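Single-letter residue listing:
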Amino acid sequence: MKVLSTFVAAALAVTGSAALAQNYPTKNVTMLVPFAAGGPTDTVSRVLAQAMAKPLGQTVVVENRPSAGGILAPEQVKNAKPDGYTILIHHIGMATTPALYRQLRFNPLTDFEYIGLINEVPMTIIGKPQLPANNFKEFLDYARKNKDKVNYANAGIGAASHLCGMLFMSAIQTDFQTIPYKGTGPAMNDLIGGQVDFMCDQTTNTTSHIKSGKVKAYAVTSAKRVPSLPDLPTLNEMGVKGAEVSIWHALYAPKGTPKPALDKLVSSMQEALKDETVRKRFADLGADTYPADKQTPQALQQHLKSEIDKWGPLIKKAGVYAD
Ligand code: ASP
C-alpha cells in the first residue's frame, strides 16, 4: 500500500510538473545580465526583455549580476531551479572564459539549455574627450609615446572589452595598464569624466556618446565599416591586423529546463526578434540581428562550440589567466 501510494504521489508530481510546464509561464521570467546596468549587454537585454513580454504573456525582469569578467551570472543561472523562470543573456564571454579561468564554476557546454543567438555587435576604440589625438593614427602615436602612463578600462578578464584590448595590444605590440570595472557602463562614466584614457567597447554602448562628441572615436573592430558610424575606419584599414572581433549575444536556460518551457522561450525570442522596432533599435546601435535560422538552440550550440574552439587556443597562447 505504502509502495502504491508513493508511486501514485510520484506519478502525480510528474504529471503536476508537466502540467505546470504546459501552462508556462504563469509568472514573471527573470533574465540575469552578467554586467552592470547601463552597459552594452544590459542595453541588449532590456530591448529584448521588453519585446519578449508580449509573446510570453509575462513580464521579463532584467536583473544585473555584475562581476569582473561576467562569470557570476552564468554560475547563478546554472544553479537556478530549471523551471524556465530564470534565464541568462550573455555574450562572447561564454566562449572565452573557459580558457581564461582555471577554476570556472560552470561549463558553458554542459550546464545550460540553449535558447538561441540574438545579435552581433562590433566594438569601437574610443578615448576620453581630453586626449589630444583626433584620429586613429594620432591616437596610436600618442599611446605608443605615452605607453607608461596611458591606461585603458575594461570589464574584467573574460569581458569583451578585455578580449578586444588584449587583441589590440598584441597587434600593436604595446602594453598598457588596465583598469577593471564590473561592466563598461561604469567604465564609460569614468572615460567621459577623464579618469581613464581609452576603452574598447561595443557600439551598443558607444554609439550615442560618439555621436554626441562626449568621447573620441578612433576605429571599429569589424571587418567592414559600421553603417551607423560610417566615418570610423576599421582597424584593418588602419594597418592593425589580427584584432578583428565581433561580439555575439545569446540566451540560455539552466540544464534540465522542461521542453515546453524551453520551446516557449525559443518561440518568444524569435517572435521578439521579428519585431521591426527591435531590429531597428539594434541597427541604430550598430548591432546586426541574427537571421531566423540562427535564432535556434541548435545554431547557438554549434556557434558556442566553434567560438570555444576558435578563442581557446589563441587565449592559451597569449598566456592570460584570471586565476
Ligand atoms: N562591454 C562589457 C564587456 O566588456 C560588458 C558590459 O558592460 O556589458 O564585456
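Below is a short write-up of the structure. (Residues numbered from 1 in each chain as written. Predicted model: local features only at pLDDT ≥ 70, side-chain atom pairs only at ≥ 80, totals over all residues. Heavy atoms only, no water.)

The next point concerns the overall build of the protein. Assigned secondary structure in the protein consists of 11 helices and 10 strands. Computed over the C-alpha atoms, the radius of gyration of the protein is 21 Å, within 12% of the 20 Å expected from 2.2 N^0.38 for a compact globule of 323 residues. Seen through its principal axes, the protein has C-alpha atoms that stretch 85 × 40 × 30 Å. Counting every position in the protein, which comprises 323 residues, the buried fraction comes to 54%. Put simply, 79% of the contacts in the protein that link residues at least 6 apart link residues at least 24 apart. Positive and negative side-chain charges in the protein, numbering 34 and 27 respectively, have mean positions lying 2 Å apart. (Helix = DSSP H or I, 4+ residues; strand = E, 2+ residues; numbered from the N terminus. Rg over C-alpha atoms; globule rule 2.2 N^0.38 Å. Buried < 20%, exposed > 50% of the residue type's maximum accessible area, 1.4 Å probe, protein only. Contact = heavy atoms within 4.5 Å. Lys, Arg positive; Asp, Glu negative; His and termini not counted. Charge placed at Lys NZ, Arg CZ, Asp CG, Glu CD.)

Turning to the nonpolar core, a few remarks are in order. Membership of the largest hydrophobic core comes to 53 residues, with the highest contact counts inside it found for Ile125, Phe136, Phe139, Phe168, Val245, Trp248 and Tyr252. The dominant element in this core, judged by the number of residues it contributes, is helix H6 (residues 160-172), at 8 residues. If we ignore the near neighbours within four places in the chain, the residues touching Trp248 are His90, His91, Ile92, Ala95, Leu117, Asn119, Glu120, Tyr290, Leu300, His303, Leu304 and Glu307. Formed by 31 residues, the second largest nonpolar core is a distinct cluster that contains Ala49, Val62, Ile115 and Ala272. (Core = buried A, V, L, I, M, F, W, Y, C linked by side-chain atoms within 4.5 Å.)

Right, let's get into the site of the ligand. In the vicinity of the ligand, the contacting residues are Phe35, Pro40, Thr41, His91, Ala155, Ala159, Ala160, Ser161, Gly183, Thr184, Asp201 and Gln202. At a separation of 2.6 Å, an oxygen atom of the ligand approaches a polar side-chain atom of His91. Here Gln202 contributes a side-chain N or O atom positioned 2.7 Å from a nitrogen atom of the ligand. Broken down by secondary-structure element, the contributors of at least two residues to the shell around the ligand are helix H2 (40-56), H6 and strand S7 (198-202). Each residue belonging to the shell around the ligand can be placed in one class, and the counts come to 5 nonpolar, 6 polar and 1 charged. (Near = heavy atom within 4 Å. Polar contact = N/O pair within 3.5 Å; in protein donor to acceptor, adjacent residues only side chain to side chain. Nonpolar A, V, L, I, M, F, W, Y, C, P; charged D, E, K, R; others polar.)

The subject of this paragraph is the state of the cysteines. By the definition in use, this model includes 1 disulfide. Two residues, Cys164 and Cys200, share a disulfide whose sulfurs are 1.9 Å apart. The chirality of the disulfide connecting Cys164 with Cys200 is right-handed, given an S-S dihedral of about 75°. With a gap of 36 residues between them, Cys164 in helix H6 and Cys200 in strand S7 connect regions that are remote in the sequence. According to the relative accessible area criterion, Cys200 is buried, its value standing at 1%. (Disulfide = S-S within 2.5 Å.)

Scanning the entire structure with this criterion turns up 10 salt bridges. Taking the shortest distance from any N to any O, the salt bridge between Glu75 and Arg105 comes out at 3.0 Å. Of the two residues, Glu75 is situated in helix H3 (residues 72-79) and Arg105 in the loop between helix H4 (93-100) and strand S4 (112-127); the sequence distance between them amounts to 30 residues. The buried category is assigned to Glu75, whose relative accessible area is 17%. (Salt bridge = Lys/Arg side-chain N within 4 Å of Asp/Glu carboxyl O.)

Now for helix H8 (residues 203-211). In terms of burial, H8 is largely enclosed, as 7 of its 9 residues are buried. Taken together, the buried positions of H8 are Thr203, Thr204, Asn205, Thr206, Thr207, His209 and Ile210. Those residues of H8 that are buried lie in contact with H2, S4, helix H7 (184-192), S7, strand S8 (216-220) and helix H10 (276-284).

Moving on, we get to the side chain of Thr184. Tracing the sequence through the fold places Thr184 in helix H7. In this structure the side chain of Thr184 is engaged in a polar contact, spanning 2.9 Å, whose partner is the side chain of Asp201. Excluding residues that lie within four positions of it along the chain, Thr184 makes contacts with Pro40, Ala155, Ser161, Met199, Asp201 and Asn205.

Applying the stated rule across the entire model yields 12 aromatic pairs. Considering the side-chain rings of Phe136 and Phe139, the 6.3 Å spacing of their centres and the 55° angle between planes classify their relative orientation as tilted. Within this pair, Phe136 and its partner Phe139 are both found in helix H5 (residues 136-145), separated by 3 residues, close to a single helical turn. As far as the burial class goes, Phe136 and Phe139 line up, both buried. (Phe/Tyr/Trp six-rings, centres within 6.5 Å; stacked < 30°, edge-to-face > 60°.)

Next up on the list: the pairing of strand S5 (residues 151-154). Along S5, one buried face is formed by Asn151 and Ala153 and the opposite face, lined by Tyr152 and Asn154, is buried too. Sheet topology note: the S5/strand S6 (residues 177-180) ladder contains 4 bridges and is parallel. Across the sheet, Tyr152 pairs through a bridge with Thr178, a residue of S6. In this structure, S5 lies alongside S7, joined through 2 bridges in parallel fashion. Looking at S7, one finds that Tyr152 is bridged to Phe198. (Pairing = 2+ DSSP bridges.)

The next thing to look at is the packing of H4 against helix H11 (residues 297-318). Following both chains from N to C, one finds H4 and H11 inclined at 40°, their axes separated by 8 Å at the closest point. Taken as axis vectors, H4 and H11 run oblique relative to one another. In the crossing of H4 with H11, the sense of the turn from one axis to the other is right-handed. Contacts between H4 and H11 involve Met94, Ala95, Thr96, Ala99 and Leu100 from the first element and Leu304, Glu307, Ile308, Trp311, Gly312, Ile315 and Lys316 from the second. (Axes fitted to C-alpha atoms, helices over the stretch in contact; angles between N-to-C directions. Parallel < 35°, antiparallel > 145°, perpendicular 65-115°, else oblique. Left-handed = near helix turned anticlockwise from the far one by under 90°.)

None of this, on its own, says anything about what the molecule does.
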